[in-house]
Amino acid sequence: CVVTFARTRGFAPLALLASAGLILAACGGDDDSAAADGESDVDAAALEGVSVTVGSKDFDENILLGEILAQALEAQGADVTNQTNLGGTSVNREALLAGDIDVYPDYNGTGWTVHLGNDDPSNDPQELYDNTAAADLEQNGIQWAGLSPFNNTYGFASNGALTEENGGPFTADEMVQDVADNPAAVVCMESEFPDRPDGLVLFEEGTGVTIPQEQIQILDTGLIYTETASGACDFGEVFTTDGRIEALNIDLVEDPGLSILYNVSFTWNDDHFQENADTYSEIVETILAPLDNDTMAALNAQVDVDGEDAADVAAAYLAEQGLL
C-alpha cells in the first residue's frame, strides 16, 4: 500500500499522527475494520466535559465540513455549540481570533494570502500547508490541523454546447482567445472574484489577457452554475469541487496551475486545541483523509443538487468512517 500526503502538520508530533491516520485510512487493518464494516468504534467519553464551539463559512461545502466535525466531536462526548453557517471568511476568522468560536474549516490558500497577507503561495500542497501552519501559529496562535487531499480552488467552466464546438474542454488560453474573438461572449463571476488577490488577477496574469469589463457579468454564486448551463454565460467562475459542475453538465476549463491551492484544514484556537490535541488530531485525520476531489464533489452534490440537509449528509459520511 502506498500512502501520499497532500499536506500534514507543522510540528513533528502532529505530523506523526497525520501519517498514522492516513495510513490507517488508506491501508485498512484490524483497527480499521469497524469503520469499513460501517460499525462505530467511537469512544463516547473521549471528550466528556469538553465544550467546543464549531463555526463554518456560509457556503455548502464549508457548512458540510463544519457539520461533519461538529457531529464527530459530539459523538466523542464533547458539548458542542454548532455555529455552522456563521458567515463569510472574515466573520469566522474574527470569531476564531476573538475566542467566540474554537474551530472552523478554512483553506490553505486563503490562510497564506488573506489571513497572513502574503502574495507568493507555493504551488506544492505540502509546502503551502507547512508555511501557512507555522506562520499562523507563531503570529496568531492559530493551529491548522488536518489536510484534505481535495483542492477546491477557483476555476472557470464552459457551457456544454460551447465545449462541444471547441472539440472538448477549453484550456485557459483557448478560453481567453474565444472571449477575445467573440465580443458578445459573457464571462460570469461572483462579486468578490475580480477584486480578490487570489482571483481574476491571477488568471489574467497567467494568460497575459485582460477580460474586457463589458464582457464580465456579476452574479450570485449559485446563479453562475445554472446560467452557464443554460448558455446565458459562455464561461462561469466556479469552485472546482462543486457538485453542480457534473450535475449540470458544464465543463471545467483546464487550469495549468494559475490558481492558488485550496486544500482544507480545520483552524483552531491553539490554546483550546492543545488541551485535547491527540483526540482532535485523530478525529480530523479520519474525517479528511478520504476526501479527494471526487468524493468531496459527490458529497457537495447531495446538498447542492439533491437538496439533502447538510446535517444528514454529514451523519451518513461519519457513519461510513466509523465516527458515529
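Here the structure is shown first, and the text comes after it.
Owing to the predicted nature of the structure, the values given are computational and were not obtained by experimental measurement. (Residues numbered from 1 in each chain as written. Predicted model: local features only at pLDDT ≥ 70, side-chain atom pairs only at ≥ 80, totals over all residues. Heavy atoms only, no water.)

A.B. asks: For this particular structure, what's the right way to read the overall build of the protein chain?
C.D. replies: Within the protein chain, the regular secondary structure consists of 15 helices and 10 strands. Burial analysis of the protein chain (324 residues in total) assigns 51% to the buried set. In the protein chain, once contacts between residues fewer than 6 apart in sequence are set aside, the share between residues at least 24 apart is 77%. (Helix = DSSP H or I, 4+ residues; strand = E, 2+ residues; numbered from the N terminus. Buried < 20%, exposed > 50% of the residue type's maximum accessible area, 1.4 Å probe, protein only. Contact = heavy atoms within 4.5 Å.)

A.B. asks: Please clarify how helix 15 (residues 310-320) should be interpreted in this entry.
C.D. replies: All buried positions along helix 15 are accounted for by A310, V313, A314, Y317 and L318. Buried residues of helix 15, viewed axially, fall in a sector of 130°; they line one side. Elements in contact with the buried residues of helix 15: helix 3 (60-75), helix 13 (277-288) and helix 14 (293-304). With a side-chain oxygen lying 2.8 Å from the backbone nitrogen of A311, the N-terminal cap of helix 15 falls on D309. (Arc of directions from axis to C-beta. Polar contact = N/O pair within 3.5 Å; in protein donor to acceptor, adjacent residues only side chain to side chain.)

A.B. asks: Teacher, can you tell me more about the sheet that holds strand 9 (residues 251-252) here?
C.D. replies: Sheet strands pair via backbone hydrogen bonds, and the direction of the pair is either parallel or antiparallel. On the basis of which strands lie adjacent, the open sheet formed by five strands has the order 7-6-8-5-9 and mixed pairing. Taken across any chain shown, the strands that pair with only one partner, and hence form the sheet edges, are strand 7 (216-218) and strand 9. As paired strands, strand 5 (residues 154-158) and strand 8 (residues 235-239) are joined by five bridges and run antiparallel to one another. Looking across to strand 8, one finds that F156 is bridged to E237. Sheet strands in contact with helix 8 (residues 172-181) are strand 5, strand 6 (187-189) and strand 8, and its direction is about 145° off that of strand 8. (Pairing = 2+ DSSP bridges. Axes fitted to C-alpha atoms, helices over the stretch in contact; angles between N-to-C directions.)

A.B. asks: Mind showing me how you'd approach the pairing of strand 1 (residues 51-57) here?
C.D. replies: Regular strands have side chains that alternate between both faces of the sheet. Burial within strand 1 is extensive, with six of its seven residues counted as buried. Sheet analysis places strand 1 next to strand 2 (residues 79-87), joined by six bridges and oriented parallel. Paired with S51 across the bridge in strand 2 is D79. Each parallel crossover has a hand, and for strand 1 linked through helix 3 to strand 2 it is right-handed. (Right-handed = clockwise from strand over helix to strand, strands pointing away.)

A.B. asks: Where do I start with the packing of helix 14 against helix 15 in this structure?
C.D. replies: Put simply, helix 14 and helix 15 touch, their axes get as near as 9 Å, and they point 145° apart. Handedness of the crossing formed by helix 14 with helix 15: right-handed. In contact with L299, Q302 and V303 of helix 14, helix 15 contributes A310, V313 and Y317. For the contact of helix 14 with helix 15, the per-class residue count stands at five nonpolar, one polar and no charged. (Left-handed = near helix turned anticlockwise from the far one by under 90°. Nonpolar A, V, L, I, M, F, W, Y, C, P; charged D, E, K, R; others polar.)

A.B. asks: Could you clarify how one ought to interpret the environment of L223 in this entry?
C.D. replies: With respect to the helices and strands, the residue L223 is situated in helix 10 (residues 221-230). Considered as a pair, L223 and C188 are 35 residues apart in the sequence and their alpha carbons are 9.2 Å apart.

A.B. asks: Before we go on, may I ask you to explain unusual backbone geometry in this structure?
C.D. replies: Excluding glycine, residues mostly carry a negative phi; peptide bonds, for their part, are mostly trans. For N85, which is not glycine, the phi dihedral falls at a positive 65°. Assignment of secondary structure puts N85 in strand 2. Overall, the relative accessible area of 45% leaves N85 in the partly exposed class.

A.B. asks: Hey, could you run me through the state of the cysteines in this one?
C.D. replies: Working definition: the covalent bond between the sulfur atoms of two cysteines is a disulfide. Tallied over the entire structure, the rule returns one disulfide. The disulfide partner of C188 is C233, and the gap between their sulfur atoms is 1.9 Å. On the sign convention where negative is left-handed, the bridge of C188 and C233, at about -85° about the S-S bond, is left-handed. Of this pair, C188 sits in strand 6 while C233 sits in the loop between helix 10 and strand 8, and the two are 45 residues apart along the sequence. Assigned by exposure class, C188 and C233 land together as buried. (Disulfide = S-S within 2.5 Å.)

A.B. asks: Hey, could you run me through the side chain of T240 in this one?
C.D. replies: As for its position among the elements, T240 is in the loop between strand 8 and helix 11 (244-247). Residue T240 is classed as buried on the basis of its relative accessible area, which comes to 19%. A polar contact is formed between the side chain of T240 and the backbone oxygen of N151, at a distance of 3.2 Å. Aside from chain neighbours lying at most four places away, what touches T240 is N151, N152, T153, Y154, G155, I245 and L252.

A.B. asks: Looking at this structure, how should I read the packing of aromatic side chains?
C.D. replies: Any pair of aromatic rings gets described here by the distance separating the centres and the angle formed by the planes. Following the criterion strictly, the structure yields 12 aromatic pairs and no others. When the ring centre of Y225 is taken as origin, the NZ or CZ atom of R244, which lies over that ring, is 4.2 Å away. (Phe/Tyr/Trp six-rings, centres within 6.5 Å; stacked < 30°, edge-to-face > 60°. Lys NZ or Arg CZ within 6 Å of the ring centre and 35° of its normal.)

A.B. asks: Any chance you could explain helix 8 here in plain terms?
C.D. replies: Each α-helix winds once per 3.6 residues, and so residues spaced three or four apart point in a common direction. Inspection of helix 8 places A172, M175, V176, D178 and V179 among the buried residues, and these make up the whole buried set. One face of helix 8 carries all of its buried residues, which in axial projection span an arc of 155°. Facing away from the buried side of helix 8 by more than 90 degrees, the exposed set consists of D173 and A180. The elements touched by buried residues of helix 8 are strand 5, helix 7 (160-166), strand 6, helix 9 (200-207) and strand 8.

A.B. asks: I'm lost on the nonpolar core in this one. Help?
C.D. replies: Generally speaking, nonpolar side chains in soluble globular proteins are found buried as a group. Core analysis: the biggest nonpolar cluster contains 64 residues, and L69, L73, W268 and I287 have the highest contact counts within it. At eight residues, the largest contribution of residues to this core is made by helix 3. In this structure, A95, L96, I101 and W144 belong to the second largest nonpolar core, which totals nine residues. (Core = buried A, V, L, I, M, F, W, Y, C linked by side-chain atoms within 4.5 Å.)

Coordinates in, geometry out; function isn't part of it.
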